[in-house]
Amino acid sequence: MDGRQRRKKSSDFELNSDLLSRMPQEIIENILIKLPIKEAVRTSVLSSKWKSSWASIPDLVFTGKISESELIRSVDSVLLLHQGSILKFELVSRQLACDEAINRWLLALSKNGLKDLRLIFYIFKDCQVPSSLFSCHKLERLEISGCTINAPECFHGLELLRHLTLGTYILEGVTIEKFVSSCPLLESLTLFGVKHDRLIIRAPNLKQLILLESFNDLMLETPKLSSATIFAFPRDFGDDGCKGKLLHTIGALSNIEELRIDSQFCKYLATRLIPKKLPVTFFHLKKLSIHLNSRSKMVETALCIFRNAPNLKTLGVFVPSQIVWEEQRITSISFLKKLEVVVILGFADTASLLAFSKFIFSTTPKLEKLVIDREDINRLNLDDQTESLMEVGSLPRLSSKAEIVLDESSKY
């Protein structure tokens with residue numbers, strides 16, 4: 001490289017450095033927030049203005065495959081050098097068993113106005129989250145998975161918490177019922193990966209609920225709930241449960257707008273008597289996704305919900321092999337009047353696809369789309385694909401607007 005090239009390179013570096021130095025502090029902070037903390041620290045070499053900018057960013061995110069000792073050193077170092085408030089702290093690790101370090105970090109974070117805390121451990125290894133967690137009184141969002149959470153003897157909850165996610169967790173010193181009910185402002189709740197005998201959720205302001213849990217009994221006291229996903233991992237739901245489970249579970253969701261339930265939860269609801277009319281009508285329910293299996297009581301459960309949702313507009317169904325839809329056609333016309341989109345999430349065989357499509361076309365005067373998952377059709381051999389689509393396409397329709405759409409069911 002000759003002298004002229006060296007001077008040009010030096011000039012370009014100085015120009016870029018000058019541009020970086022003149023960048024408004026607000027823009028620098030926006031850039032740094034979007035970087036992993038390790039990369040944010042490295043920006044200190046860019047210019048004098050960037051040298052200490054990383055030390056005041058409010059969001060700290062620690063991710064990556066590093067050893068436990070290296071992770072502890074990194075977090076300790078950043079917290080020691082950090083200046084100002086820390087509003088978000090996220091740590092994602094395969095495993096971390098150093099309770100002392102976590103306790104140290106939480107005590108430091110509790111003094112810095114922490115609002116968003118995420119501790120995610122992909123391998124459950126008896127990691128203990130100490131009671132100092134509950135010293136973070138300003139928390140609005142909390143996500144913890146893969147560890148044990150220790151509550152203090154005098155548990156008072158988290159009064160400002162609005163969003164809570166707990167996965168593959170163990171609670172010590174407090175029940176999940178007490179934990180949830182002690183967060184009066186809670187708006188969204190996600191629980192997954194734990195077995196319960198009786199799961200009770202009392203949350204007066206809860207709007208969104210996701211349950212991917214295993215339970216024998218479920219009680220909801222959530223008057224403002226508008227969106228719910230309930231997938232119950234397999235349990236032996238016998239006939240010894242609470243009388244009329246459909247009544248005290250689904251019947252309590254008077255303000256629900258969007259509901260997703262799986263076949264196991266349908267099985268739970270189908271325990272004991274299935275009424276023709278529920279004590280409440282789901283006037284707000286616009287979107288329902290439901291997985292059914294071949295048991296006739298499952299279909300009865302689904303129809304019971306249909307009957308009590310007069311404003312339903314989008315329906316997603318996994319269609320079982322049992323062909324039971326024809327006998328329900330006449331009685332169903334009266335309560336599927338506003339249905340516009342039906343999504344077949346999957347079907348057991350081509351006969352069930354045809355039977356359900358016939359049922360839908362003949363009971364929905366405002367239907368616009370019958371969506372069939374493209375992948376499900378592609379699993380058939382070419383002859384069956386052509387024949388099935390031709391048979392469905394030739395069915396008479398109550399709605400003149402109804403069309404068949406091949407697409408990904410997950411879009412709906």
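Residues numbered from 1 in each chain as written. Predicted model: local features only at pLDDT ≥ 70, side-chain atom pairs only at ≥ 80, totals over all residues. Heavy atoms only, no water.

Peer 1: Explain the pattern of salt bridges here, please?
Peer 2: Any two side chains of opposite charge can pair, so long as their charged atoms come close to each other. Taken as a whole and judged by the stated rule, the model has eleven salt bridges. One salt bridge in this structure joins Asp-116 and Arg-118, with 3.1 Å as the shortest N-O distance. We classify Asp-116 as buried; its relative accessible area is 11%. Arg-118 gets classed as buried once you look at its relative accessible area, which sits at 19%. (Salt bridge = Lys/Arg side-chain N within 4 Å of Asp/Glu carboxyl O. Buried < 20%, exposed > 50% of the residue type's maximum accessible area, 1.4 Å probe, protein only.)

Peer 1: Explanation requested: the nonpolar core in the structure shown.
Peer 2: Buried together is how nonpolar side chains tend to be arranged in soluble globular proteins. If you look at the biggest cluster of nonpolar residues, it comprises 104 residues, and the most contacted ones within it are Phe-89, Leu-91, Leu-133 and Leu-142. It is helix α9 (residues 296-307) that contributes the most residues to this core, six residues altogether. Once you skip the residues sitting within four places of it in the chain, Leu-91 turns out to touch Phe-62, Leu-71, Val-75, Leu-96, Trp-105, Arg-118, Leu-119, Ile-120 and Phe-121. (Core = buried A, V, L, I, M, F, W, Y, C linked by side-chain atoms within 4.5 Å. Helix = DSSP H or I, 4+ residues; strand = E, 2+ residues; numbered from the N terminus. Contact = heavy atoms within 4.5 Å.)

Peer 1: Quick question: what am I supposed to make of a positive patch on the surface here?
Peer 2: A cluster of basic residues, Lys-286, Lys-313, Lys-338, Lys-366 and Lys-401, forms a positive patch at the surface. On the secondary structure map, Lys-366 appears in the loop between α11 (350-361) and β16 (369-373). (Patch = residues over 30% accessible without salt bridge, like charges linked within 9 Å, V, L, I, M, F, W, Y side chains within 5 Å. Areas by Shrake-Rupley, 256 points an atom, 1.4 Å probe, with all protein chains shown as cover. Lys, Arg positive; Asp, Glu negative; His and termini not counted. Charge placed at Lys NZ, Arg CZ, Asp CG, Glu CD.)

Peer 1: Can you walk me through helix α5 (residues 99-110) in this structure?
Peer 2: The α-helix winds at 3.6 residues per turn, so residues separated by three or four positions along the chain end up facing the same way. Taking 1.5 Å as the rise per residue, α5 with twelve residues should run 16 Å; its terminal C-alpha atoms sit 16 Å apart, in good agreement. Looking only at α5, the buried set comprises Ala-101, Ile-102, Trp-105, Leu-106 and Leu-109. All buried residues of α5 project into a common sector of 130 degrees when viewed along the axis, lining one side. Here the buried face of α5 lies against α4 (68-81), β2 (88-93), β3 (116-121) and β4 (128-129). (Expected span 1.5 Å × (residues − 1). Arc of directions from axis to C-beta.)

Peer 1: Would you take a moment to explain the side chain of Ser-388 for this structure?
Peer 2: Within the fold, Ser-388 resides in helix α13 (residues 382-393). Among the polar contacts listed, one links the side chain of Ser-388 to the backbone oxygen of Asp-384, at a separation of 2.7 Å. Non-local contacts of Ser-388, meaning those with residues more than four positions away in its chain, are made with Thr-350, Leu-353 and Leu-380. (Polar contact = N/O pair within 3.5 Å; in protein donor to acceptor, adjacent residues only side chain to side chain.)

Peer 1: Can you help me understand α13 in this one?
Peer 2: The first and last C-alpha atoms of α13 sit 16 Å apart over twelve residues, in line with the 16 Å expected at 1.5 Å per residue. Regarding α13, the residues found buried are Gln-385, Ser-388 and Val-392. For α13, the arc enclosing every buried residue in end-on projection is 75 degrees, short of the 170-degree limit, so these residues lie on one face. Residues Leu-382, Asp-383 and Met-390 are exposed on α13 and point more than 90 degrees away from its buried face.

Peer 1: Can you walk me through unusual backbone geometry in this structure?
Peer 2: Negative phi values dominate among residues other than glycine, just as trans dominates among peptide bonds. Positive phi outside glycine occurs at Thr-168, with the angle close to 45 degrees. Structurally, the position occupied by Thr-168 is in the loop between β7 (163-167) and β8 (170-172). Taking relative accessible area as the criterion, Thr-168 reaches 35% and is therefore assigned partly exposed.

Peer 1: What am I meant to see in the sheet that holds β4 here?
Peer 2: Within a sheet, each strand pairs with its neighbour through backbone hydrogen bonds, oriented either parallel or antiparallel. Reading across the sheet, the three strands line up as β4-β6-β8 and stay open at both edges, with parallel pairing between neighbours. Sheet topology places β4 and β8 at the edges, where each strand pairs with a single neighbour. Pairing between strand β6 (residues 148-150) and β8: three bridges, direction parallel. What sits directly across from Asn-150, in β8, is Glu-172. (Pairing = 2+ DSSP bridges.)

Peer 1: So what exactly am I meant to see when it comes to the environment of Asn-103 here?
Peer 2: Note that Asn-103 resides in helix α5. A residue is classified by how much of its surface remains accessible, and Asn-103, at 29% relative accessible area, is partly exposed. Sequence-wise, Asn-103 and Val-129 are 26 residues apart; in three dimensions their C-alpha atoms are separated by 7.2 Å. For Asn-103, the contacting residues outside a window of four places in its chain are Pro-130 and Ser-132.

Peer 1: Looking at this model, I keep getting lost on the packing of aromatic side chains. Mind explaining?
Peer 2: Two aromatic rings, taken as a pair, are described by how far apart their centres are and by the angle between their planes. Overall, the coordinates contain five aromatic pairs when judged by the stated rule. Among the aromatic side chains, those forming a connected cluster through ring pairs are Phe-134, Phe-155 and Phe-179. (Phe/Tyr/Trp six-rings, centres within 6.5 Å; stacked < 30°, edge-to-face > 60°.)

Peer 1: Would you mind going over the pairing of strand β1 (residues 59-62) with me for this structure?
Peer 2: On a regular strand, one side chain projects to one face of the sheet and the next to the other, so that they alternate. By the alternation rule, side chains of β1 split into Asp-59 and Val-61 and Leu-60 and Phe-62, which are all buried. Note: β1 against β2, four bridges, orientation parallel. Its bridge partner being in β2, Asp-59 is matched across the sheet by Lys-88.

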